[in-house]
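If you want the building blocks of each chain, they are given just below.
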Amino acid sequence: MMNLKGIALPLLLAFSLLHFPFSESAWFINYHIHIRNDLPLLTTPPETPNLFLDCKSTGKDIGDKLMLVKQDYTWDTKINFAQSTHFYCNARWVDHKEITFDAFRAKRDESRCKKYHNSCMWSVRSDGIYFSNNNATWQNEYPW
Ligand SMILES: *[C@@H]1O[C@H](CO)[C@@H](O)[C@H](O)[C@H]1NC(C)=O
């Protein structure tokens, strides 16, 4: 009995201290990341994919994908204990532009992507990669 108390109390304290800087349920939230191809239809025939996406984190490779216009590339992630969760994507507008951008960074997105169905939304356009956390207003965060 003595032993259990001696272990349980410090553990409980450590756990609540760990929680302190972080909002209560953030570790259990499943974030949805969407990247939509909103590039203009310049290719003929129009069914030709014009965007190449390749997304990964240090621990996980989402894989690469050739995207048609209006297609959505999406995956889910939780935030790890160290709050270091970080997904980056290489986007290549075939024969035009290329950029690598952060599609999800825990410290930047934990709060802002909670506002709309826990979603981070990206739109690839002719002048850059736009971000939205409400699926209504868009900001060009990675001009290319
Ligand atoms: C954002 O809005 C578009 C157009 O209304 C809709 O097709 C799409 O499913 C929405 N995306 C999300 C993630 O809700």
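Residues numbered from 1 in each chain as written. Predicted model: local features only at pLDDT ≥ 70, side-chain atom pairs only at ≥ 80, totals over all residues. Heavy atoms only, no water.

The protein has the name S-protein homolog in an unreviewed UniProt entry, where Hibiscus sabdariffa is given as its organism. Taken directly from UniProt, the Sequence similarities (unreviewed entry) text for the protein runs: "Belongs to the plant self-incompatibility (S1) protein family." (UniProt positions renumbered as here; feature names shortened; annotations may be inferred.)

### What about unusual backbone geometry?
Peptide bonds are trans in most cases, and residues, glycine excluded, mostly fall at negative phi. Even without glycine at this site, Gln83 takes up a positive phi of about 55°. Tracing the sequence through the fold places Gln83 in the loop between strand 4 (72–77) and strand 5 (86–93). In this structure, Asp95 takes a positive phi of about 70° despite not being glycine. (Helix = DSSP H or I, 4+ residues; strand = E, 2+ residues; numbered from the N terminus.)

### Remarks on the packing of aromatic side chains
The tally for this structure, following the rule as stated, stands at 8 aromatic pairs. The interplanar angle of 55° and the centroid separation of 5.3 Å between the aromatic rings of Phe101 and Trp122 together place this pair among those described as tilted. One end of the pair, Phe101, is in strand 6 (residues 97–105); the other, Trp122, is in strand 7 (residues 119–125), and 21 residues separate them in sequence. Under the relative-accessibility criterion, Trp122 is labelled buried at 1%. Between the aromatic rings of Trp122 and Tyr142, the centroid separation amounts to 5.9 Å while the plane-to-plane angle is 50°, which identifies the pairing as tilted. Remark: Tyr142 occurs in strand 9 (residues 139–143) and Trp122 occurs in strand 7; sequence separation between them is 20 residues. Through pairs of rings, three or more aromatic residues link up here, namely Phe101, Trp122, Phe131 and Tyr142. Taking the ring centre of Phe52 as reference, the NZ or CZ of Arg92 above it sits at 4.9 Å. The ring of Phe131 has Arg112 lying over it, and the distance from NZ or CZ to the ring centre is 3.6 Å. (Phe/Tyr/Trp six-rings, centres within 6.5 Å; stacked < 30°, edge-to-face > 60°. Buried < 20%, exposed > 50% of the residue type's maximum accessible area, 1.4 Å probe, protein only. Lys NZ or Arg CZ within 6 Å of the ring centre and 35° of its normal.)

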